[in-house]
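Spelled out, the chains give:
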Amino acid sequence: MTRRRPHELALIATAVVIVAVLIGLPLATILAEAWQSGLGIYARLLRDPLELAALRLTIVAALLAVAFNTLFGLLAGWTLSRYRFWGKPALASAIELPLSISPVISGLGILLLVGARAPLGGWLEAHGIRIAFAQPGIVFATILVAFPYVAREFAAVLEQRGIEHEESSLTLGATAGQTFFRVTLPIARWALIDGILLCAARSVGEFGAVSVVSGNIQGITETLPLRIAALYNDYQTTAAFATASMLALFAIAVSWARSLVRGHLERRDEDAEQRAAIGASVAA
Amino acid sequence: MTLFGVTIVVLLPIAAIVGGLRGIDPATFAQTILSPRVLAAYRLTFGASLIAAIVDAVIGFLIAWVTVRYQFFGRAFLNACIDLPFAIPTPVSGIALATVYANSGWIGSITSRFGIHIAFTQLGVAVALVFIGIPFVVRTLQPAIEALPPELEEASSVLGGSGLDTFVRVLVPVLIPAWLAGFAMAFARGLGEYGSVIFIAGNKPGVTEIVPLVIMTKLEEYDFTGATALAVTMLAASFVLLLAINVLRRHMVSRQVAV
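Rules used throughout
Residues numbered from 1 in each chain as written. Chains lettered and ligands numbered in written order. Predicted model: local features only at pLDDT ≥ 70, side-chain atom pairs only at ≥ 80, totals over all residues. Helix = DSSP H or I, 4+ residues; strand = E, 2+ residues; numbered from the N terminus. Buried ≥ 20, exposed ≤ 12 C-beta atoms within 10 Å, placed from the backbone. Contact = placed C-beta atoms within 7 Å. Core = buried A, V, L, I, M, F, W, Y, C linked by C-beta atoms within 7 Å. Nonpolar A, V, L, I, M, F, W, Y, C, P; charged D, E, K, R; others polar. pLDDT = per-residue confidence, 0-100. Axes fitted to C-alpha atoms, helices over the stretch in contact; angles between N-to-C directions. Parallel < 35°, antiparallel > 145°, perpendicular 65-115°, else oblique. Left-handed = near helix turned anticlockwise from the far one by under 90°.

1. Examining the overall build of chain A
Item 1. In terms of regular secondary structure, chain A is built from 13 helices and zero strands.
Item 2. Counting from the amino terminus, helix and strand elements in chain A follow one another as α-α-α-α-α-α-α-α-α-α-α-α-α.
Item 3. Based on the C-alpha atoms only, the size of chain A along its principal axes is roughly 70 × 65 × 30 Å.
Item 4. Sorting the 284 residues of chain A into buried and exposed places 49% on the buried side.
Item 5. Considering only contacts within chain A whose residues lie at least 6 apart along the sequence, 78% involve residues at least 24 apart.

So, in structure tokens, the structure goes:
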């Protein structure tokens, strides 16, 4: 290894200090505020029916959003990277739209689409289906904001990897299904996991869109992020930070998992090529 | 099938917003979007997002460079920390930032001694947006820096270029498309950001109130037409801005090819 030059050290030190102040201190504050009166706060929170209802809704909405967006992401990633068709760039932009729109505006769009006063919403309401200001609306909003992540990562990796392995698999007589599961998925496995992690983080933490469609009915349409805001605005600071700390720990887990996935992504070049080549011959 | 999914989940809600315009007469529309309170919110939202994206571009470059090019103890940890502003739910970041930068907080208590108040000021809005935007710049630049052969800088310094020369004449021209893309993503995220800003901003109408909050307030007052008018203007404005940045980026890429 070469000798470290002084400007290198200075740059590293500056970067470390910036990250520590900008990201480290706020994170440390959450834990400090949550734990200031001991860990008993968690036991108290977990006996609170409103807290439990919020936790349940958050988990259910996130699971549904991740499942839907993963399935859709596989489909969209496949379509975008393997077929050429008219309007493809427009379709790709449409998938990424939720990234550049304010969640509040996305939520408003849902409200205007399926709210009781909208034509579609009114019709659904007449048939006993309520979306806005009810739990299905929370799920819809969560799906919308977390929509692009899996599709993006999956499409990008398939694009970059090319099509040769799939072609050889198909030429050797494998069915399309075999090719997808034994060749395409192994190639894209880590990118797919990365996309799912991003999607999960976004789903669990969504606030802006969810708060528009929720109507803030405690115990029914309140997710954990909404509950944190409500507790904080109600001056129940410790409970707010304790709830926040649970989500922060989840975020730390996601960031840590992503760093493991990154390690695999860097190695995937040799690895996945080999695996896919084996897959192609096995599938055949 | 793909098209069907996108239409249901993304395009229909957006169409509903634009369709919501039909019910609004032009005079009411103009009155809503040109009211002093709304104009102040626009100024704050665009101004703070722009400043924050510029700050993110600078420190994001530094962080991306250091994490890609240098081996040091804790590099992987530092790199993992960059995901946190994205992974932490926005209201969690919001209450944390409001606490840290309040005059009694860890950072706020130091800056307030020098007369710099961050929480509940426009500066606080910018600080929250710097926090939320940083992963976009870093994660967009990192692959571009990885793809850059170190020989490029070596050649520049062997040929007598100073560190600054190498940076301005060699690195910036090659990295500018990725850099601009990251800047645009941070900027776009800032324009729409809600959860991490509202707690630190103080939300004083006309002073520290951002556009997404004005939309929210109008919704709480059941003023759907007002909220729709604001949302449409905001969509149009961010669309034009991002398009401009994209065109600029394409222009720079094509110029590079020409050189």
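Having seen the model, we can carry on.
2. Describing the overall build of chain B
Item 1. Along the backbone of chain B there are 13 helices and zero strands.
Item 2. Secondary structure elements of chain B, listed N to C terminal, follow the sequence α-α-α-α-α-α-α-α-α-α-α-α-α.
Item 3. By sequence separation, contacts in chain B at least 24 residues apart represent 77% of the contacts at least 6 residues apart.

3. Quick look at the nonpolar core
Soluble globular proteins tend to pack their nonpolar side chains together in the buried interior.
Item 1. Counting 167 residues, the largest nonpolar core has Leu108(A), Leu144(A), Ala244(A), Ile95(B) and Ile215(B) as the members making the most contacts within it.
Item 2. Residue contacts for Ala244(A): discarding those within four places in its chain leaves Ile30(A), Ala34(A), Ile228(A), Val92(B) and Ile95(B).

4. Side note on the interface of chain A and chain B
Item 1. Between chain A and chain B, the residue contacts involve 63 residues of the former and 64 residues of the latter.
Item 2. Top element by residues in the side of chain A that touches chain B is helix H1 (residues 6–35) of chain A. It accounts for 17 residues.
Item 3. Here the side of chain A that touches chain B is composed, by residue class, of 48 nonpolar, twelve polar and three charged.

5. Here's the deal with unusual backbone geometry
Item 1. Of note in the backbone geometry, Phe133(A) takes a positive phi value of approximately 55° without being a glycine.
Item 2. With respect to the helices, strands and loops of the structure, Phe133(A) is situated in the loop between helix H6 (119–126) and helix H7 (135–145).
Item 3. Look at Asn203(B): it is not a glycine, yet its phi comes out positive at around 55°.
Item 4. Residue position: Asn203(B) is located in the loop between helix H11 (195–201) and helix H12 (211–220).

6. Overview of the environment of Gln236(A)
Item 1. By secondary structure assignment, the location of Gln236(A) is in the loop between helix H12 (224–233) and helix H13 (237–283).
Item 2. The sequence separation of Gln236(A) and Val210(A) amounts to 26 residues, and the corresponding C-alpha distance is 22 Å.

7. Let's talk about the environment of His165(A)
Item 1. Tracing the backbone through its elements, the reader meets His165(A) in helix H9 (residues 164–171).
Item 2. Judged by local crowding, His165(A) falls into the buried class, with 24 C-beta atoms found within 10 Å.

8. Remarks on the confidence of the model for chain A
Note that predicted coordinates carrying low pLDDT should not be read in detail.
Item 1. In this model, chain A carries a mean pLDDT of 88, and residues with pLDDT of at least 70 account for 92%.
Item 2. H12(A) holds the highest mean pLDDT among the elements of chain A, 95, whereas H13(A) holds the lowest, 81.

9. Description of the packing of helix H9 (residues 151–158) of chain B against helix H10 (residues 163–192) of chain B
All names here are of chain B.
Item 1. Where H9 contacts H10, the axes come no closer than 10 Å and their chain directions differ by 125°. Of the possible angle classes, the one that applies to H9 and H10 is oblique. With respect to the hand of their crossing, H9 and H10 are arranged in right-handed fashion. Residues Leu152, Glu153, Ser156 and Ser157 of H9 form the contact with H10, whose participating residues are Asp165, Thr166 and Val170.
Item 2. Its residues assigned to classes, the contact of H9 with H10 shows two nonpolar, three polar and two charged.

10. Some thoughts on the environment of Leu226(A)
Residues and elements named next belong to chain A.
Item 1. Along the chain, the position of leucine 226 falls in helix H12.
Item 2. Considered as a pair, leucine 226 and phenylalanine 207 are 19 residues apart in the sequence and their alpha carbons are 6.5 Å apart.
Item 3. Those residues within four positions of leucine 226 in sequence are excluded, and the remaining contacts are Phe207, Val210, Ser211, Ser214 and Asn216.

11. Some remarks on the packing of helix H3 (residues 49–82) of chain A against helix H8 (residues 148–161) of chain A
Residue and element names in this part refer to chain A.
Item 1. At a closest axis distance of 7 Å, the pairing of H3 and H8 adopts a crossing angle of 35°. As for how H3 packs across H8, the hand of that crossing is right-handed. In contact with Asn69, Thr70, Phe72, Gly73, Leu74, Ala76, Gly77, Leu80, Ser81 and Arg82 of H3, H8 contributes Val150, Ala151, Phe154, Ala155, Leu158 and Glu159.

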